[in-house]
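Geometric and topological summary
Residue strings, one per chain:
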Amino acid sequence: DLVKVPSGEIYVLAKELTESVMKAANIDSWEVLGTLYGSDLELMRTKHPIMDRDSVVICGDHVTLDAGTGCVHTAPGFGADDFIVCQKYDIPIIVPVDGKGMTTEDAGKYANMYYEKTTPIILDDLKACGALLAIEEIVHSYPHCWRCKNPIIFRTTEQWFCSVDALKDDAVKACEGIRWIPGWGEERMTSMIRERSDWCISRQRRWGVPIPIFYCKDCGEPLIDKDVMMHISGIFAQEGSDAWYAKPESELLPAGTACKKCGCTSFEKERDIMDVWFDSGSTHSAVLEERPELHWPADLYMEGADQFRGWFQSSLLTSVASRGRAPYKAVLCHGWVVDEQGKQMHKSAGNGVEPSEIIKDYGADIVRLWVASSDYTVDVRAGKNIFKQLSEAYRKIRNTARFILGNLDGFDPNVDLVPDDQLMEIDRWALAALDDLLKETDAGYAVYNFNKVYHAVYNFCVVAMSNFYLDVTKDRLYCTNGTARKAAQTAMYKILVALDKVIAPILCFTSQEIWDFMPKMEGMNKYVVFEEMPHAGQYAADEAFKAKWAQLIAVRDEVKKVLEQARADKQIGASLEAAVTLYCNDAMYELLNSIPMDELADLMIVSKVELVKGEGGSNSSLEGLGVAAAHATGDKCERCWKYSADIGSHPAHPTLCARCAAVVEG
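Residues numbered from 1 in each chain as written. Predicted model: local features only at pLDDT ≥ 70, side-chain atom pairs only at ≥ 80, totals over all residues. Heavy atoms only, no water.

1. Here we look at a nonpolar patch on the surface
Rules: To count toward a patch, a residue needs a relative accessible area over 30% and no salt bridge; like charges are then connected within 9 Å, while nonpolar side chains (Val, Leu, Ile, Met, Phe, Trp, Tyr) are connected within 5 Å. For every accessible area listed, the method is Shrake-Rupley and the probe measures 1.4 Å; residues are considered covered only by the protein chains on display. Salt bridges are counted wherever a side-chain nitrogen of Lys or Arg sits within 4 Å of a carboxyl oxygen of Asp or Glu. Only DSSP runs of H or I covering at least 4 residues are called helices, and only runs of E covering at least 2 are called strands; the numbering of each starts at the N terminus. Burial classes: relative accessible area under 20% of the type maximum marks a residue as buried, over 50% as exposed, and values in between as partly exposed (1.4 Å probe, protein chains only).
A contiguous nonpolar patch, built from Trp-207, Val-276 and Trp-277 and spanning about 320 Å² of accessible area, is present on the exposed surface. Along the chain, the position of Trp-277 falls in helix H9 (residues 276-281). By relative accessible area, which is 35% here, Trp-277 ends up partly exposed.

Next up, the structure:
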């Protein structure tokens, strides 16, 4: 709008801001003379209000309608938007403030002043010449130094750049051959590279790796020479990069160095340092290619999600530029550690978790288990309650190993291992369960999914081992001394060896503690971490075998329900006081009759099992099965606690069953 006010002055204002400007200037009435587009004013020349020069009107999309007049002063030396729009119009870039915040000669009458002190003087001059319509203070967020908390001035300065445009296509293509964990990492990286402008690799800092470039003192031409850079590199290798600051130019340059433009032999060294992302992005060369025990490219780069903009990307760009391919085979990105409520940890908030405190209470392996049990692709919660719960899970795993070790006392695997054909079916089931565990841990470790490994190990220890196999085999382990006992020990030994190797990458202290107590076979290493990781396939069972034992376990679960009711009805106390009758249809009878009755009783942890064809007992959720429980007949053996009719059959052991008496005699 062209707006005329009572004083006769005419203002050029953005249409949407006319009313707010008039209000700020305390002008109650005005007349809109006409409306025109901003482009109609483009390249019009106007008189600068307080400096002796003209100003040109330019158009920029960055000018907003949230405040002001719609016409803004453009300062290309102090803002990215202003810089870009002035480049479009070939307006020279002037920076009238130096690195110390002092105005330069380009500031005219305001030169040699600290920048903040110029504001009231400029306002007074605008008032004096009648160019100031109104003053309005605006409060808005502004970048501040994270250390001293003072506001930061944006200044346009000369910088060194790498052209990303020259690398974009190759860098995006290189992303295709990388394994990204999680998978969305590839899209995130490629989109960032495609949208990236040139990479500014210089920084104005008093510390860091110098940029090895010199400037001719006569003509200012930069000396960019590979031989000079390699000479500087040799000095750094001997004395460190501080030599750049400690030595004069004459001691840094090779003898006889002259300016290629004017022949001058006097130079000034570059004061800027390399961008630290360029430093870290070059570590694949400095580390992997310089150490004989490592190899290039890396198997894995691992860092937080912010590194798609940082280390992941700078490493990719430097590698593609120098070697034509990515410096890593896989990239894993993780979230951040937050408190139990999901809030970021801060010292000031007092919600931080100190690892040393957790280690003091629970041990270092609990911290590792917490990491492994977490879904690291999102933010990970940490707190005392979480570690307390996790310590219970750790105890389940540890106690499983402890139970097996206790029952391997006196077992020498070099002598006592029994062949597979002497294992009981339940022993082969336990080894098949181990094989299923190894399938899951193989798959989990292959993609760095430690959460999958943790849950597989925990479920195996609790469900397959503690709640079933180890419980069922107690009678064989505690009360017998023949091949059957060694069969159980053989299966348990193989299970523990494999299980310990599986947990070694996570529970490194615990796994070695188990390994130290474990009886060894010839050829085993002293340290478990030097063992080969076990893989699935060695103990695999066919589907028919798995289906059979799934059905047997389902029958056992139905029996346990009936025993619980019998216990509630005061018919029995411990399950070994019970005798169970199973009423079966033909298919169920065939299944259960394939297992010897004493083994079937051990499976149910009762003193006796009887199979009857036909219906009877209480109905179960399994088709073709009825279950009845009663107190077992006979007397209780004081050694195995089973009820039997042959108690006292051996004259030397009147309180033992025939089996236990024979074992004791043996």
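2. Focus: the side chain of Arg-556
Stated formally: Between two residues, a contact is recorded if the distance between any of their heavy atoms is within 4.5 Å.
Among the secondary structure elements, Arg-556 is positioned in helix H21 (residues 543-568). Contact partners of Arg-556, with chain neighbours within four places excluded, come to Asn-467, Phe-468, Asp-471, Val-472, Leu-603, Met-604 and Ile-605.

3. Section: the packing of aromatic side chains
Our working definition: Two aromatic rings, drawn from Phe, Tyr or Trp (for Trp, its six-membered ring), form a pair once their centres lie within 6.5 Å of each other, and the interplanar angle then sorts them: stacked below 30 degrees, edge-to-face above 60, tilted otherwise. In this scheme, Lys NZ or Arg CZ marks a charge over a ring once it lies within 6 Å of the ring centre and within 35 degrees of the ring normal.
One pass over the full model with this rule turns up 17 aromatic pairs. Where Tyr-454 meets Tyr-458, the ring centres are 6.1 Å apart and the plane angle is 25°; that geometry is what we call stacked. Of this pair, Tyr-454 and Tyr-458 both sit in helix H17 (residues 450-472), 4 residues apart, which is roughly one turn of the helix. According to the relative accessible area criterion, Tyr-458 is partly exposed, its value standing at 24%. In this structure, Lys-613 packs its charged tip against the face of Tyr-589, placed 5.0 Å from the ring centre. The positively charged end of Lys-636 is found above the aromatic ring belonging to Trp-641, 4.7 Å away from the centroid.

4. Description of the sheet that holds strand E15 (residues 330-334)
Threshold: Following DSSP output, two strands are said to pair if at least two bridges run between them. Whenever a helix is involved, its axis is fitted only over the stretch in contact; in every case the axis is a line through C-alpha atoms, and angles between N-to-C directions fall within 0 to 180 degrees.
Taken together, 3 strands build an open sheet; the order of strands is E7-E15-E14 and the sheet is parallel. Taken across any chain shown, the strands that pair with only one partner, and hence form the sheet edges, are strand E7 (179-181) and strand E14 (301-304). Taken over all neighbouring pairs, the strand axes of this sheet differ in orientation by 15° on average, direction set aside. With 4 bridges connecting them, E14 and E15 associate as parallel partners. Its bridge partner lying in E15, Met-302 is registered against Leu-332. Along the sheet face, helix H11 (residues 311-323) touches E14 and E15 and points at about 145° away from the line of E14.

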